[in-house]
Amino acid sequence: MTDRAGVDRETWFVVAAVAVLVVSLAAAAVAASDGSDDREATVEGWTPDVADPHDAEPPAEPGVATVDGEEFDSVQAAVDAAEPGDTVVLEGQFEEHVTVETADLALEAAGEGALIDGGGEGTVVHVAAENVTLEELWIRESGHDRGNEDAGVLVNGSGSTLADVRITDTTYGVWIGEAEDVTVESATIVGREEVSQSERGNGIHLDRADGAELRDNEITTVRDGIYFSWSEGVDATGNVMWDLRYGVHYMYSDDNRLEGNVAFDNDVGFALMVSQNLTIVDNVAVNNDGPSGQGILVKDVDRSEIRDNAVVANGNGFYVYNAHGNELTDNLILENEVGVQFTAGSSDELVVGNSFVANDQSAYAPTTAQITWNDSERGNYWSDARAIDLDGDGTSETRHQPAGAVEAVVHDRPQAAVFAESPAFDAVRMAESSFPVIESPGVVDHRPLAEPAHDEWREYYEDHDN
Amino acid sequence: MTDRKRTATDEQTPKPDGGYASATDAELSRASDSGIWYRQLLVVAETEYRLAVRGRWAVALTAIFAAFALGLTTFSGSSVGPEGFERTVASLAVLAVYLVPLVALAFGYDAVVGREENGWLHALFALPVERAWIVVGTALGRAVVLASATVVGFGIAGGFLLWEFGLAGFDAYVTFLLASVGLGLVFLAVGVLVSTLAREKTHALGISLLVWAWFVLVHDLLGLGLVAAFDLSAGAVSAMLLANPTGIFRALVLGALGAAGDAGFATVLAESGLSTGVLVGALVAWIVVPIALAAFAIRRRRL
């Protein structure tokens with residue numbers, strides 16, 4: 001009798017454990033078979049709202065061009081007949097190549113819309129005169145020759161405007177060559193998907209096109225979305241670029257402004273190269289994870305301001321290569337494989353007010369010296385830092401070394417990652433961060449922020465349906 | 001016969017115990033009469049289990065694990081970063097590496113040497129039961145207590161997590177739970193081995209702390225240094241990982257989480273040929289081998 005009672009008195013513990021275990025396993029089995037990836041709180045699959053660029057019906061009727069009440073069945077004939085200041089109204093489908101040599105002319109679509117088809121040869125529309133306006137036209141099928149600069153629209157006339165145009169199946173979308181103050185707005189440019197990326201031309205190609213304005217364009221499946229060469233004073237705002245090699249590509253182009261653009265699913269979001277005095281603000285680079293895989297590439301770029309951008313889920317958030325005297329401030333750097341990579345002797349950068357959140361590795365700099373990014377009162381926010389703010393001024397009293405000895409070891413010898421998150425790993429990292437006695441080479445932030453300056457990063461986790 | 005048993009009972013439990021000891025002893029002798037080794041084993045294990053539950057060890061262990069896990073989960077709710085199971089489990093796994101081995105060693109270090117000092121072991125050895133089975137039974141009994149405490153303790157926290165995050169992703173937590181049980185059992189086994197080898201209880205305690213410091217702190221630091229200094233082959237790195245049960249635990253839990261834990265962790269695991277099967281096998285070996293060694297060493301022990 002006592003024996004039985006004794007068994008009863010102590011078995012509750014193991015019974016409770018078995019019950020908890022069974023419930024847990026059952027719950028886990030349900031959770032696993034659920035197959036839902038809600039726990040994958042990543043920005044993977046985040047895409048901004050873009051309309052389907054292929055969603056358009058070409059007009060079926062043969063084209064009619066009207067100028068001054070006179071009707072033509074060819075755009076070229078109508079344009080040739082027009083006087084400066086006239087408006088040529090187009091409706092229906094044309095199969096021809098057009099050269100506009102009359103200044104101050106406007107070409108507009110009416111009714112069901114107008115389509116100019118180049119039949120796969122040469123440049124479709126060549127604007128050779130100044131102040132020409134193209135509105136709501138659909139231009140397609142340029143030639144396939146990159147070397148010949150086959151484009152949907154070639155603009156050589158200063159002050160010309162392209163508004164609400166749709167350019168599809170072209171090598172280059174718009175080529176602006178040696179013309180000033182050209183405006184391209186609300187254009188949709190879709191390249192040839194079936195052509196390999198290296199054979200494609202650029203969406204908007206600027207060649208000595210000073211003072212151009214590029215606003216609210218949508219560009220996809222070309223080589224580079226917007227390509228700058230030898231162009232200054234260009235304003236590019238509100239453009240959206242995806243499925244490209246580079247979203248925006250600067251070469252030898254100084255004093256330009258890039259604001260509020262979005263580049264996603266490219267190899268590189270914004271590639272800034274061999275230029276100076278650029279202003280890069282409020283841009284978003286997401287999921288740029290091609291072979292290079294960089295959100296914003298800063299290569300041989302000097303004295304530029306890179307502020308308030310969001311680089312999310314790229315290979316490298318920022319890749320800074322041989323760049324000097326730039327300001328990287330107030331950017332959000334979220335969930336990249338490497339947040340910021342500094343290399344090839346980049347120097348004199350000011351890196352302040354950025355939020356480094358949930359990157360696999362916040363920063364990496366192969367260097368034998370200790371780099372301080374911020375001499376100022378404020379540093380950056382690091383989600384993996386142990387920020388200790390005793391006096392409540394918003395900055396931590398202990399320094400943070402995001403790229404120190406262990407990161408360097410893991411970078412050089414990936415095998416060391418098996419010791420990642422081990423107490424040993426943490427001990428070395430904490431020692432580097434907390435005790436200035438240990439001076440190991442790498443990046444150090446003397447005034448890490450206690451709170452992130454960016455709250456909008458949560459938005460990237462909201463929508464997973466796309 | 002009855003007399004001897006009575007004395008033994010008095011020695012090992014000075015406080016009134018409801019007469020269970022004499023009952024088990026009766027069972028013990030019955031078992032030895034029938035001569036079936038596993039019955040002897042089970043009786044020793046059952047006794048050990050009941051002693052631990054009555055001695056409040058079970059409740060204390062459960063409370064430690066529950067408090068630790070709950071503290072961390074409520075804490076992680078306020079931290080910056082994408083909430084969810086993965087993050088919480090990653091944090092738990094990182095910190096459990098410190099706590100679980102320490103608790104398991106504390107629970108295991110006196111299993112033999114402590115019993116010897118209070119005389120209980122003399123009594124057991126006087127019985128016609130193979131010594132090895134007494135050690136294995138002791139380990140088994142304590143293992144059941146520790147495993148149950150881990151499951152219940154972390155299970156309570158798991159319940160709160162379910163309440164907070166919902167069902168999706170709970171499998172990651174259960175992986176962590178089971179791996180923690182494994183990790184605890186490894187260090188319990190090591191503790192029992194230390195206890196079998198040590199001359200005195202204080203020696204066992206000291207050695208246990210050294211064992212903890214080695215596996216939790218020194219081993220990986222050394223490994224990190226070796227990897228940094230030499231270009232080791234993938235096999236050497238794998239061997240180094242398997243040589244440390246805390247490393248196996250981390251690989252199991254963080255590997256299951258994928259890349260969420262750290263850069264390239266899962267990739268490195270895959271490259272070094274450490275599948276879940278290999279890791280689990282290594283963990284089981286880490287449990288079985290120390291106990292087997294202890295069972296062997298007990299024969300040479302002089303009382």
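Residues numbered from 1 in each chain as written. Chains lettered and ligands numbered in written order. Predicted model: local features only at pLDDT ≥ 70, side-chain atom pairs only at ≥ 80, totals over all residues. Heavy atoms only, no water.

Looking up chain B in an unreviewed UniProt entry gives the name ABC transporter permease, with the organism given as Natronococcus pandeyae.

An unreviewed UniProt entry lists chain A under the name Nitrous oxide reductase family maturation protein NosD, with Natronococcus pandeyae as the source organism. Under the heading Pathway (unreviewed entry), UniProt records this for chain A: "Protein modification; protein ubiquitination." (UniProt positions renumbered as here; feature names shortened; annotations may be inferred.)

A.B. asks: What exactly am I supposed to notice about the side chain of N283 of chain A here?
C.D. replies: Residue and element names in this part refer to chain A. Locating N283 in the fold gives a position in the loop between β25 (279–281) and β26 (284–286). Look at N283 and you get buried, because its relative accessible area is 1%. A polar atom in the side chain of N283 sits 3.1 Å from the backbone oxygen of L258. Not counting the four nearest positions on each side in its chain, N283 is found in contact with L258, E259, G260, N261, F270, D308, N309 and A310. (Helix = DSSP H or I, 4+ residues; strand = E, 2+ residues; numbered from the N terminus. Buried < 20%, exposed > 50% of the residue type's maximum accessible area, 1.4 Å probe, protein only. Polar contact = N/O pair within 3.5 Å; in protein donor to acceptor, adjacent residues only side chain to side chain. Contact = heavy atoms within 4.5 Å.)

A.B. asks: Could you clarify how one ought to interpret the pairing of strand β15 (residues 204–207) of chain A in this entry?
C.D. replies: Remark: a regular strand shows side chains that alternate across the two faces of the sheet. All names here are of chain A. Here β15 shows two buried faces, one formed by I204 and L206 and the other by H205 and D207. Pairing of strand β12 (residues 172–177) with β15, which is carried by four bridges, proceeds in the parallel orientation. The residue of β15 that forms the bridge with V174 is I204. Bridging between β15 and strand β18 (residues 224–229) involves four bridges; their strand directions are parallel. Its bridge partner being in β18, I204 is matched across the sheet by I226. (Pairing = 2+ DSSP bridges.)

A.B. asks: What should I look at first to understand a negative patch on the surface in this one?
C.D. replies: Taken together, E193, E194, D243, D265, D289, E337 and D360 of chain A make up a surface patch of like negative charges. Here D289 of chain A lies in the loop between β26 and β27 (294–299). (Patch = residues over 30% accessible without salt bridge, like charges linked within 9 Å, V, L, I, M, F, W, Y side chains within 5 Å. Areas by Shrake-Rupley, 256 points an atom, 1.4 Å probe, with all protein chains shown as cover. Salt bridge = Lys/Arg side-chain N within 4 Å of Asp/Glu carboxyl O. Lys, Arg positive; Asp, Glu negative; His and termini not counted. Charge placed at Lys NZ, Arg CZ, Asp CG, Glu CD.)

A.B. asks: Explanation requested: the pattern of salt bridges in the structure shown.
C.D. replies: Two side chains with opposite charge may pair up if their charged atoms get near one another. One pass over the structure, following the stated rule, counts 15 salt bridges over all chains. Between E213 of chain A and R215 of chain A there is a salt bridge whose closest N-O contact spans 2.1 Å. In this structure, E48 of chain B and R142 of chain B form a salt bridge, with 2.9 Å as the shortest nitrogen-oxygen distance. One end of the pair, E48 of chain B, is in helix α3 (residues 37–54); the other, R142 of chain B, is in helix α8 (residues 131–165), and 94 residues separate them in sequence. Neither residue differs from the other here; E48 of chain B and R142 of chain B are each classed as buried. Here the salt bridges share partners, and the residues they tie into one network are E48, D110, R115 and R142 of chain B.

A.B. asks: Sorry if this is basic, but what is going on with the confidence of the model for chain A here?
C.D. replies: Where the model shows low pLDDT, its predicted coordinates should not be examined in detail. Residues and elements named next belong to chain A. Overall, the predicted model of chain A reaches an average pLDDT of 82, with 84% of residues at or above 70. Note that residues 1–6 has pLDDT below 50 and, in this model, five contacts with residues that lie over four places away or in other chains. Here residues 35–41 scores under 50 on pLDDT; set against residues more than four positions off or in separate chains, the count is 12 contacts. (pLDDT = per-residue confidence, 0-100.)

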